[in-house]
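Okay, here's what each chain looks like letter by letter:
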Amino acid sequence: MSSGDESEGAFWTIRVTQPILVQIQGIDPTAVAINDAVMEDATIPVSSYAPVRRVEALRCPQCGADRDWTAFGAWTDPVRLVCPSGHSWTPWEAEPARGRALMQELILACGIEESRD
Ligand SMILES: [Zn+2]
């Protein structure tokens, strides 16, 4: 990297007071089973439903906290989260693309919040 273009890589520190909900990869077998049970009871035949994805809150792997995060990173970085107890971790370390997508979502959400004030 050449020097002098740090302005492009602004580093964000974002307070996230609410749980961060993420979609679980793949189809949730529990939801599929529930849907199947409902469909068996249904009196009106319905066409096939869309594959089901469950959402879940990110939790600190050390203490289980699910809110009051501080998120750190630049637009092109996978997000780094710090829980209220100060545990620092990177979700989906093996999948940096997911972490990067979340970082970008948080930056965008943060910008929206700020423009509301
Ligand atoms: Zn923690």
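Note that the structure is predicted; figures quoted are calculated from it, not measured. (Residues numbered from 1 in each chain as written. Predicted model: local features only at pLDDT ≥ 70, side-chain atom pairs only at ≥ 80, totals over all residues.)

*Asks:* Account for the environment of Ile107, with residues named and values stated.
*Replies:* Its place among the elements puts Ile107 in helix H2 (residues 96-116). For the pair Ile107 and Ile14, spaced 93 residues apart in sequence, the C-alpha separation works out to 7.5 Å. Once you skip the residues sitting within four places of it in the chain, Ile107 turns out to touch Trp12 and Trp75. (Helix = DSSP H or I, 4+ residues; strand = E, 2+ residues; numbered from the N terminus. Contact = placed C-beta atoms within 7 Å.)

*Asks:* Got a sec to walk through the environment of Ala97? Specific residues and values, please.
*Replies:* On the secondary structure map, Ala97 appears in helix H2. Placed 18 residues apart in sequence, Ala97 and Val79 show a C-alpha to C-alpha distance of 9.9 Å.

*Asks:* Before we move on, could you go through the sheet that holds strand S6 (residues 88-89) and cite the residues and values that matter?
*Replies:* Taken in spatial order, the four strands make up an open sheet running S1-S4-S5-S6, and their pairing is antiparallel. The open sheet terminates on both sides in strands that have one partner only, identified here as strand S1 (11-16) and S6. Direction of pairing for strand S5 (residues 80-82) relative to S6: antiparallel, over a ladder of two bridges. Considered in S6, the bridge of Val82 is made with Ser88. (Pairing = 2+ DSSP bridges.)

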